[in-house]
Amino acid sequence: MKKSMWKVILTGALLYTAVVLPPASAYTTLGGKYASSTISYIPQGLTANYSLAMADGIAAWNNANVDASFTYTSNVSAANLVLRQDAYGANIGWNARTANKPVMTSGTYTKSDIDFNTSAMDGMTVTARKGTAAHELGHVFGLDHVTDGKQVMSIYGVRTTSVPGPDDIKGVNALY
Ligand SMILES: [Zn+2]
């Protein structure tokens, strides 16, 4: 009788712990992903600052040794990912955006566009622009936002890191 009571108490304690403690890894995904782990990209009309941010962001992911990577192509019609820039306005509410196609939240992506908003990004530091590029590239893999500011997929607009963190890496490796 006494033994089984302890069992009940112990089980209750374990359940409570499981609910209250945060999970060991904390990434979120959009719901879709590329079929291949190699995603080809082409920059279109990027000026020096944005070309550098793109190159640094891609290097940050490729150097993180995740199970997927970005590779350059000169063939725009074959490219999975096109990176562009335009002055969309300072008050539009986004610094950069990613569109994965055909559907952002499910299925298999075949095309993505990243748009850098120069109105919002021209005044950024080199690191913040690189971090913004790395963040958008994470969306191309299929990652969604997290609240941890140490991950590049942080939802916060001011980028404090441009290097994929442990949860960013776990997220990509779970997808590919
Ligand atoms: Zn985002």
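Everything numeric in this text was worked out from a predicted model, so none of it was measured.

### A closer look at the overall build of the chain
(1) Moving on: Counting secondary structure elements, the chain contains 5 helices and 7 strands.
(2) Moving on: Secondary structure elements in the chain, listed N-terminal to C-terminal, are α-β-β-α-β-β-β-β-β-α-α-α.
(3) Moving on: Burial analysis of the chain (176 residues in total) assigns 31% to the buried set.
(4) Moving on: Residue pairs in contact within the chain that sit at least 24 positions apart in sequence constitute 75% of those at least 6 positions apart.

### Overview of the sheet that holds strand E3 (residues 69-72)
(1) Moving on: Strand order in the open sheet formed by 5 strands is E3-E2-E4-E7-E5, and the pairing between neighbours is mixed. Bordering the open sheet on either side are E3 and strand E5 (96-101), each of which pairs with just one other strand. Sheet twist, expressed as the average angle between the axes of neighbouring strands with direction ignored, equals 25°.
(2) Moving on: In this structure, strand E4 (residues 81-86) lies alongside strand E7 (residues 111-117), joined through 6 bridges in parallel fashion.

### Some remarks on helix H4 (residues 126-141)
Three or four residues apart is the spacing at which side chains of an α-helix point the same way, because the helix has 3.6 residues per turn.
(1) Moving on: For H4, which comprises 16 residues, the first-to-last C-alpha distance of 23 Å matches the rise-based estimate of 22 Å (1.5 Å per residue) to within 8%.
(2) Moving on: Across the 16 residues of H4, 13 count as buried, placing the element largely inside the fold.
(3) Moving on: Once H4 ends, the next one or two residues include Gly142, with phi positive near 120°.

### Things to note about the environment of Ile58
(1) Moving on: Note on placement: Ile58 falls in helix H2 (residues 48-63).
(2) Moving on: Taking the C-beta count within 10 Å as the criterion, Ile58 has 22 such neighbours and is therefore assigned buried.
(3) Moving on: C-alpha separation for the pair Ile58 and Gly138, spaced 80 residues apart in sequence, amounts to 9.8 Å.
(4) Moving on: For Ile58, the residues in contact, after removing those within four places along its chain, are Phe70 and Leu137.

### Examining the environment of Ala87
(1) Moving on: Following the sequence through the fold, Ala87 ends up in the loop between E4 and E5.
(2) Moving on: Residue class for Ala87 comes out partly exposed when judged on the 13 C-beta atoms lying within 10 Å of it.
(3) Moving on: Ala87 sits 30 residues away from Asn117 along the chain, and the two C-alpha atoms are 5.5 Å apart.
(4) Moving on: Beyond its immediate chain neighbours, meaning those up to four positions away, Ala87 contacts Thr118 and Ser119.

### A few points about the environment of Ala59
(1) Moving on: Among the structural elements, Ala59 can be located in helix H2.
(2) Moving on: With 104 residues separating them along the chain, Ala59 and Val163 place their C-alpha atoms 9.4 Å apart.

### Quick look at the nonpolar core
The tendency in soluble globular proteins is for nonpolar side chains to be buried as a group.
(1) Moving on: Counting residues in each nonpolar core, the largest one holds 30 residues, and the members touching the most others are Met54, Trp61, Leu81, Ala134, Leu137 and Leu143.
(2) Moving on: Looking at this core, the elements that each hand over two or more residues are H2, E4, E7, helix H3 (118-121) and H4.
(3) Moving on: Here the element with the most residues in this core is H2; it accounts for 6 residues.
(4) Moving on: Once residues within four sequence positions are removed from consideration, Leu81 is found in contact with Ile39, Ser40, Tyr41, Ser112, Ile114 and Val140.

Rules used in this analysis
- Residues numbered from 1 in each chain as written.
- Predicted model: local features only at pLDDT ≥ 70, side-chain atom pairs only at ≥ 80, totals over all residues.
- Helix = DSSP H or I, 4+ residues; strand = E, 2+ residues; numbered from the N terminus.
- Buried ≥ 20, exposed ≤ 12 C-beta atoms within 10 Å, placed from the backbone.
- Contact = placed C-beta atoms within 7 Å.
- Pairing = 2+ DSSP bridges.
- Axes fitted to C-alpha atoms, helices over the stretch in contact; angles between N-to-C directions.
- Expected span 1.5 Å × (residues − 1).
- Core = buried A, V, L, I, M, F, W, Y, C linked by C-beta atoms within 7 Å.

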